Amino acid sequence: MIKALFDFDTVIDRHGTWCTQWDFVADRFGQADLLPFTISDMDFATAPCVIAAIKQWLNHGVLGYSRWKNDDFLSAIDFWMQQRFATAVDWQTVVYGPSVIWMIAELIRQWSQPGDSVVVHTPAYDAFSKMITGNQRQQLSVPLKQSDTGWYCDMAQLEEVLARPQSKILLLCSPQNPTGKVWTHDELTTMAALCERYQVKVISDEIHMDMVWSAHPHTPWSKVARGPWALFTSASKSFNIPALTGAWGVIADEPSRNHWLAALKNANGLSSPAVLAVVAHIAAYREGGEWLDALRSYLHANLCYVAHKLNSAFPALRWQVPQSTYLAWIDLRPLRIDETALQKVLIEQERVAIMRGEVYGPEGAGFIRLNVGCPRVKVEQGVKKLIRAIHAVL
């Protein structure tokens, strides 16, 4: 038997590390010491090449002010995008920020006025609605629909929403969180044409772009874009380095980009990045491909395990592995479960924390979101507890 090149089975104890998912689970669930399958970070150490690069930098010892706009960082981004998505990046169009959600918020402030509307496919990452309303904008929801082949957008409904005068920005999540939908090239092309027709700018959040399975290739928005647009992403999800902070993106329109960079430096005082994040991105994009591919295989196997166990226990679910992400978006509606009762059993009896679907908007009612970015033994524990809890409330 050939030993795996990378180890994703070893459990790393994250308690006592100020970890949001483990140490602060009571913030969302009211009780501590629950087994968490919650926010979308992983319980794995990052890639060895990233750790080595950070150690080398620390050995240098000086952690002074730095710049993100350097050839090493920009060429690493370009290399990754060409290798993974067959698309080149114009270095002049690249921008930087502390996180993807911060970058989205800043561009929404620049591209719209208080009271304007931002169009979002729902159910949606809960930070979207908080960020939109927190900036005095309105969210206009376009609910995704389900068919036997997966999730899809009713383009006629999307057009009706985009045509409204208050609609200024389409905030696209690509791949989509929480459903795991990977937008096809044709779908993206249609959306691009609609946004151009109604003069709606596009911000594409592609932070999950690396977490797609081989049958569903990711298409960057840059390949279909028309009119003003921006693409924001990061290695933080793929390589499990969100604690380092740091994200990057592309703003194609030069005046918008110049406005962005001026605001980053002057209004926000963020001209110097967290240098270890820059170091980590370069290492990940230049040397981390083999590790990421091994991780993706492991995560996909975790999702297949969840599907097998759930469908064996409850055939009515017919749950399918999502097209992307390590987040299992599970539709429990066929079982007609009392969601409040289920959460009570999960927390109080099974001592497990699993995200309730309504966190992601009213369209999430009847769903749960289970994070499988962890060693298989934890997934096994979680699925066992979930099945037992469902039986308890049926």
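Rules used in this analysis
Residues numbered from 1 in each chain as written. Predicted model: local features only at pLDDT ≥ 70, side-chain atom pairs only at ≥ 80, totals over all residues. Heavy atoms only, no water. Helix = DSSP H or I, 4+ residues; strand = E, 2+ residues; numbered from the N terminus. Rg over C-alpha atoms; globule rule 2.2 N^0.38 Å. Buried < 20%, exposed > 50% of the residue type's maximum accessible area, 1.4 Å probe, protein only. Contact = heavy atoms within 4.5 Å. Areas by Shrake-Rupley, 256 points an atom, 1.4 Å probe, with all protein chains shown as cover. Lys, Arg positive; Asp, Glu negative; His and termini not counted. Charge placed at Lys NZ, Arg CZ, Asp CG, Glu CD. Salt bridge = Lys/Arg side-chain N within 4 Å of Asp/Glu carboxyl O. Core = buried A, V, L, I, M, F, W, Y, C linked by side-chain atoms within 4.5 Å. Expected span 1.5 Å × (residues − 1).

Q: Help me understand the overall build of the protein chain in this model?
A: Secondary structure assignment for the protein chain yields 13 helices and 13 strands. The C-alpha radius of gyration of the protein chain comes to 21 Å, within 12% of the 21 Å expected for a compact globule of 394 residues. When its C-alpha atoms are laid out on the principal axes, the protein chain stretches across 60 × 55 × 40 Å. Buried positions account for 54% of the 394 residues belonging to the protein chain. Counting contacts in the protein chain only where the partners sit at least 6 residues apart, residues at least 24 apart contribute 75% of the total. Here the protein chain displays about 17,300 Å² of accessible surface, and carbon together with sulfur accounts for 52% of that area. When the 36 positive and 38 negative side-chain charges of the protein chain are each reduced to one mean point, those points stand 2 Å apart.

Q: Explain unusual backbone geometry here, please?
A: What is expected of a backbone is that most residues other than glycine have negative phi and most peptide bonds are trans. In this chain, Thr 122 is followed by Pro 123 through a cis amide linkage whose omega measures 0°. In the segment running from Ser 174 into Pro 175, the intervening peptide bond is cis, with an omega of -5°. Its place among the elements puts Pro 175 in the loop between strand 7 (167–173) and helix 8 (185–197).

Q: Even after reading the chapter, I still don't get the pattern of salt bridges, so can you show me in this structure?
A: Side chains that carry opposite charge are capable of pairing whenever their charged atoms lie near each other. Going through the model one piece at a time under the given rule, you end up with 16 salt bridges. Across the pair Arg 14 and Asp 41 runs a salt bridge whose closest N-O atoms are separated by 2.8 Å. Taken as a pair, Arg 14 in the segment before helix 1 (20–23) and Asp 41 in the loop between strand 1 (35–37) and helix 3 (48–60) lie far apart in primary sequence, 27 residues in all. Accessibility expressed as a relative area gives 17% for Arg 14, which makes it buried. By relative accessible area, which is 11% here, Asp 41 ends up buried. With its nearest N and O atoms 3.7 Å apart, the salt bridge here joins Arg 296 to Asp 293. Residue Arg 296 and its partner Asp 293 are located together in helix 11 (residues 289–313), separated by 3 residues, close to a single helical turn. Counted as one network, the salt bridges with shared partners bring together Arg 14, Asp 41, Asp 43 and Lys 378.

Q: What exactly am I supposed to notice about the nonpolar core here?
A: If you look at the biggest cluster of nonpolar residues, it comprises 133 residues, and the most contacted ones within it are Val 50, Phe 232, Phe 239 and Ile 330. Of all the elements, helix 11 adds the most residues to this core, at 10 residues. For Phe 239, the residues in contact, after removing those within four places along its chain, are Thr 46, Ala 47, Val 50, Trp 80, Ala 284, Gly 288, Trp 291 and Leu 292.

Q: Explanation requested: helix 11 in the structure shown.
A: Its 25 residues give helix 11 an end-to-end C-alpha distance of 36 Å, which sits within 8% of 36 Å, the value for a rise of 1.5 Å per residue. Taken residue by residue, helix 11 has Gly 289, Trp 291, Leu 292, Leu 295, Tyr 298, Leu 299, Asn 302, Leu 303, Tyr 305, Val 306, Ala 307 and Leu 310 as its buried positions. Elements in contact with the buried residues of helix 11: helix 3, helix 4 (71–85), helix 10 (275–287), strand 11 (327–331), strand 13 (367–371) and helix 13 (376–393).

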